[in-house]
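An overview of the molecular structure
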Amino acid sequence: MKILVGIKRVVDYNVRVRVLPDGSGVDTEGVKMSVNPFDEIALEEALRLREAGKASEVIVVSAGGDECQQQLRTGLAMGADRAIQIKTDGPLQPLSAARALLKVTEREQPGLVILGKQAIDDDNNQTGQMLAALWNRPQATFASEVVLDGEKATVTREVDAGLETIEVDLPAVVTVDLRLNEPRFVKLPDIMKAKRKPLDVLPLEELGVAVENDLAINTYSPPPQRQKGIMVETTEQLVQELKNRGLL
Amino acid sequence: MSKILIVAEHDGQQLNLSTAKCVSCAQKIGGDVDIAVLGQNVDGVAAQAAAIGGISRVITVSADHLEHPLAANWAPEITTLAADYSHVLAPSTTFGKDLMPRVAALAGVNQFSDVMEVLDERTFTRPIYAGNAIIKVSAAAGSLVAMTVRTASWQAAAGEGQASIEARDASHADSGHTRYVGLKSEGGERPDLQSAPMVVSGGRALGSEENFSIIYQLADKLGAGVGASRAAVDAGYVPNDMQVGQTGKIIAPDLYWAFGISGAIQHITGIKDAGTIVAVNKDAEAPIFEVADIGLVGDLFTVIPELEQLLD
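Residues numbered from 1 in each chain as written. Chains lettered and ligands numbered in written order. Predicted model: local features only at pLDDT ≥ 70, side-chain atom pairs only at ≥ 80, totals over all residues.

Time to look at helix H1 (residues 37-51) of chain A. Residue and element names in this part refer to chain A. Counted at 1.5 Å a residue, the expected span for H1 with its 15 residues is 21 Å, and the 21 Å between its end C-alpha atoms agrees. Burial within H1 is extensive, with 11 of its 15 residues counted as buried. Where H1 is concerned, the buried positions are Phe38, Asp39, Glu40, Ile41, Ala42, Leu43, Glu44, Glu45, Ala46, Leu47 and Leu49. The positive-phi residue at the C-terminal boundary of H1 is glycine 53, with phi of around 80°. (Helix = DSSP H or I, 4+ residues; strand = E, 2+ residues; numbered from the N terminus. Expected span 1.5 Å × (residues − 1). Buried ≥ 20, exposed ≤ 12 C-beta atoms within 10 Å, placed from the backbone.)

The following block contains the structure:
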């Protein structure tokens with residue numbers, strides 16, 4: 001069984017993102033770019049399933065310009081067998097990304113597609129669910145445990161009420177949450193080895209997918225800031241202050 | 001005029017408060033507002049939905065395969081219902097986040113995630129980069145507007161409504177490929193974290209699962225809900241459903257107590273709509289003090305017992 005893993009190039013999670021003064025976007029000039037952390041967890045899960053003998057091949061796929069090959073190489077260095085770049089001129093909104101992933105899914109016929117539950121740049125949390133909808137296959141979102149058993153998977157999901165378990169027939173889409181696993185570190189020899197692994201480039205037009213970014217982003221602005229409050233010295237003062245404000 | 005459909009979140013017995021918050025968002029958009037209640041034997045939940053002020057109609061779809069909110073079964077039904085509407089809304093809880101993109105994809109549109117404000121009926125604001133930037137986004141005329149509503153940005157709609165309830169048959173059969181197995185909930189008797197007016201949270205400084213009991217005790221004394229930072233959840237002190245923050249629950253209590261929480265941006269994102277934030281931390285440099293309304297530099301293991309005495 002093949003596993004397809006979607007990865008997205010995003011601003012590294014350690015970078016404090018700033019909105020450009022003219023509100024046209026966020027400042028990404030010269031900032032460190034990385035694999036979306038949730039997608040790293042997705043890839044780690046796929047690699048562990050392969051290592052456990054449950055999968056034969058792990059393919060990483062990303063949509064973007066040639067710069068996203070960097071993140072695909074990171075995925076190969078982590079241990080993916082091969083990579084696919086869906087070549088686009090600009091960013092795709094989730095529906096177009098899902099349509100493009102569907103085309104790759106139909107070509108590759110994976111038993112599982114694993115993605116991060118959301119990308120930490122636009123925080124949309126949509127692509128996996130959309131792919132499952134277009135593919136007409138099960139979705140198991142926010143996974144904290146994935147158990148494969150023949151033609152089905154049992155997935156534990158982190159939901160607001162606790163931990164929900166569902167069972168899905170394969171093929172299926174799984175999106176992963178933070179506590180599924182801890183991704184491995186990439187070692188230098190693996191980076192060298194990754195350079196020789198296959199990376200195919202598929203232009204979006206060749207897949208027959210039109211870019212439909214139907215939501216227009218008009219302006220970016222910094223979030224409203226909370227004002228720094230007061231400091232008290234003792235617990236008594238804290239309680240008094242809360243009483244003064246009618247909160248206790 | 002807009003015709004708005006809200007997908008009710010419920011557990012089969014109780015309508016989730018997030019539904020009434022979606023109603024507030026819908027009222028800001030303006031127009032006719034209906035609520036869809038899917039499930040199995042949902043008369044009780046439908047009656048609760050009909051009692052929210054300003055609702056025109058409650059539509060119920062009841063079937064065995066809709067008992068649990070499996071997106072694979074619910075999304076086709078919602079998409080069919082949504083054909084009569086200009087907007088379809090669900091709360092930005094794990095329920096809505098799971099369901100709504102599947103609805104949007106079936107309808108052939110992108111979704112507005114985590115809507116904070118309504119600027120006009122097709123223009124909204126939403127957070128990106130863990131709340132470090134806010135974008136104004138609009139949809140072209142004519143297409144269905146599908147969105148999840150950031151519950152911390154909206155008050156629950158008030159008022160006594162008497163909407164009519166209309167039962168419909170399911171239009172789609174069981175997908176057959178997705179099955180509900182069960183839910184493990186650790187919530188207990190405490191107030192619900194997402195709707196409690198007061199929340200007491202603990203962080204990594206608690207040091208262990210046993211030590212976390214000091215947080216529960218204080219919360220019980222105050223009648224508060226209990227939350228935790230991601231660090232405390234990752235360390236195994238408390239279950240995942242208590243996590244407050246960007247990847248956990250985004251909450252807006254009147255009073256939020258942060259004990260031993262350093263205040264990583266991910267955590268701040270989850271509490272910045274709180275009325276008043278109280279922070280207690282040993283480290284005077286902790287970033288939590290940058291957003292706290294009242295800060296106290298001190299050891300929580302000293303401060304909490306003192307608090308309990310003063311509250312007696």
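Having seen it, we continue.
Many structure descriptions define interface size as the accessible area lost when the parts assemble. Tallying the contact residues gives 63 residues for chain A and 66 residues for chain B. Breaking the side of chain A that touches chain B down by element, the ones donating at least two residues are helix H3 (94-108), helix H4 (127-135), strand S7 (139-149), strand S8 (152-159), strand S9 (162-169), strand S12 (215-221), strand S13 (230-232) and helix H6 (235-244) of chain A. Looking at the side of chain A that touches chain B, its residues break down into 31 nonpolar, 16 polar and 16 charged. (Contact = placed C-beta atoms within 7 Å. Nonpolar A, V, L, I, M, F, W, Y, C, P; charged D, E, K, R; others polar.)

Bringing unusual backbone geometry into the picture now. Trans peptide bonds make up the majority, and among non-glycine residues the majority have a negative phi. Of the consecutive residues Leu170(A) and Pro171(A), the connecting peptide bond is found in the cis state with omega at 0°. Of note in the backbone geometry, Asp123(A) takes a positive phi value of approximately 50° without being a glycine. Within the fold, Asp123(A) resides in the loop between strand S6 (112-116) and H4. We classify Asp123(A) as buried; it has 20 C-beta atoms within 10 Å. Phi is positive for Tyr129(B), which is not a glycine, with a value near 45°.

To continue, consider helix H5 (residues 213-222) of chain B. Residue and element names in this part refer to chain B. Inspection of H5 places Ile215, Leu218 and Ala219 among the buried residues, and these make up the whole buried set. What you see down the axis of H5 is that its buried residues fit within an arc of 100°, all on one side. The inward-facing, buried residues of H5 abut strand S12 (198-202), strand S13 (225-228), strand S14 (255-259) and helix H9 (300-311). Remark: glycine 223 follows H5 within two positions and exhibits a positive phi of approximately 70°. (Arc of directions from axis to C-beta.)

Read from one edge of the open sheet, 6 strands run S13(A)-S16(B)-S15(B)-S14(B)-S12(B)-S13(B), paired in parallel fashion. Each edge of the open sheet carries a strand with a single partner, namely S13 of chain A together with S13 of chain B. This sheet shows a mean twist of 20° between the axes of neighbouring strands, independent of strand direction. When strand S15 (residues 276-281) of chain B meets strand S16 (residues 294-297) of chain B, the two strands line up parallel, connected through 4 bridges. Opposite Val280(B), over in S16(B), you have Leu296(B) as the bridge partner. (Pairing = 2+ DSSP bridges. Axes fitted to C-alpha atoms, helices over the stretch in contact; angles between N-to-C directions.)

Once that is clear, we can look at the pairing of strand S3 (residues 57-62) of chain B. Residue and element names in this part refer to chain B. Two strands pair when backbone bridges link them, and strand S2 (residues 32-39) and S3 are joined in this way by 6 bridges, in the parallel orientation. Residue pairing across strands places isoleucine 35 opposite valine 58, the latter belonging to S3. Tracing the backbone out of S2, into helix H2 (residues 43-50) and back to the parallel element S3 gives a crossover that is right-handed. For S3 and strand S10 (residues 164-168), the ladder comprises 5 bridges, and the chain directions are parallel. For arginine 57, the partnering residue across the bridge sits in S10 and is serine 164. (Right-handed = clockwise from strand over helix to strand, strands pointing away.)

Residue and element names in this part refer to chain B. In terms of burial, strand S9 (residues 145-149) is largely enclosed, as 5 of its 5 residues are buried. Of the two faces of S9, the one holding Val145, Met147 and Val149 and the one holding Ala146 and Thr148 are both buried throughout. Here strand S4 (residues 87-91) runs beside S9; their pairing, made up of 5 bridges, is parallel. Directly across from leucine 89, in S9, lies its bridge partner methionine 147. For strand S5 (residues 111-115) and S9, the ladder comprises 3 bridges, and the chain directions are parallel. Counterpart to glutamine 111 in the pairing with S9 is alanine 146.

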